[in-house]
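Examination of the molecular architecture
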Amino acid sequence: MKKDYKITCKDVMNHICDTLGEDLNSPTCTTLKSHLDSCESCQKYYKSISQTILVYKKYELDASSDSHKKLLKFLGLDDCE
Amino acid sequence: MNENEIIAKAQKGDRAALSKLVKMYEQTVYNFAYKICRDKEKAEHTMQETFLSMVKSINQFSGKSKLSTWLYTVVSNHCLMMARSNKKHAYISLDDEDALIDPKNITDWDIAPDKFAENKELGGILDEVIKKLAPEYRVVFMLRDIQGFSTEETAEAIGLSVPAVKSRLHRARAFLRNELNSTFGYEKRL
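Residues numbered from 1 in each chain as written. Chains lettered and ligands numbered in written order. Predicted model: local features only at pLDDT ≥ 70, side-chain atom pairs only at ≥ 80, totals over all residues.

Digging into the domain arrangement of chain B
All names here are of chain B.
- Taken domain by domain, chain B comprises domain 1 (3-85) and domain 2 (97-184).
- Facing the eleven residues of domain 1 at the interface are twelve residues of domain 2.
- Those elements that place two or more of their residues in the side of domain 1 that touches domain 2 are α2 (15-37) and α4 (67-85). (Domains from an automatic or database assignment. Contact = placed C-beta atoms within 7 Å. Helix = DSSP H or I, 4+ residues; strand = E, 2+ residues; numbered from the N terminus.)

This is the structure in structure tokens:
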């Protein structure tokens, strides 16, 4: 990215979506990172995207014991319990 | 006995070892299948088909990748196949990138992720929101962001190019974030 390119919050928000979890220190990210460091709006967006990922990571559902029994029966392994 | 030793036994036809592998990964596979299918019966069916594939082809498993990686690949493709065969549901188009990010719609979020698992109401909201996302986006989001696959591993698992994975991931993240904004965002907009 050229240094004289005037970036907008939208550019940064797009980039956050592209690079979250990747290397924000790469040369092409430097200008965007500098904007992010000083822009409250983009920081809030970054935080909300990170939290979106986090809540889906935390949300777990377990298979029931009935599902477990059906699975072993389906595979013909129910005698291995 | 470590996982490689159990796999080696299973490859020699030891059914108890196979059963052990199933038990080791059934919750992981079910959870992942549910997050993509959003339906208990479909998740159960996908779990069964995934482990059937494992039982049938455990001899071909070379150990170059982790067994979990291989299982995620199988379950992802089962989910996508099932979604393709059921095209009745129309999903919101994510083609318009400009509509996905609106700088005027940025709010501070207030959530406590650690308490999230105990909150059934919020779990229901997460279900409803991700159901709106087309399965081909869901799978990318799940593999890359939730399971921690690299972009390249995600691309390989579901037969997409790296740019296609990046594009889908970008749109999936922005879409989910927008949909959850009314639940987690403060009322005061910037």
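Don't stop here, the text continues.
Thoughts on helix α9 (residues 162-184) of chain B
- The end-to-end C-alpha distance of α9(B), which contains 23 residues, comes to 31 Å, matching closely the 33 Å that a straight helix rising 1.5 Å per residue would cover.
- Along α9(B), the sharpest kink reaches roughly 30 degrees, centred on B:Asn178. (Expected span 1.5 Å × (residues − 1). Bend = angle between axes of the 7 residues up to and from the residue.)

Quick word on the nonpolar core
All names here are of chain B.
- Counting 59 residues, the largest nonpolar core has Val-29, Ala-33, Met-47, Leu-71, Val-75, Val-140 and Ala-172 as its most contacted members.
- At twelve residues, the largest contribution of residues to this core is made by α2.
- Each of domain 1 (3-85) and domain 2 (97-184) contributes no fewer than three residues to this core.
- When sequence neighbours within four positions are dropped, the list of residues in contact with Ala-33 reads Ala-43, Thr-46, Met-47, Val-75 and Cys-79. (Core = buried A, V, L, I, M, F, W, Y, C linked by C-beta atoms within 7 Å. Buried ≥ 20, exposed ≤ 12 C-beta atoms within 10 Å, placed from the backbone.)

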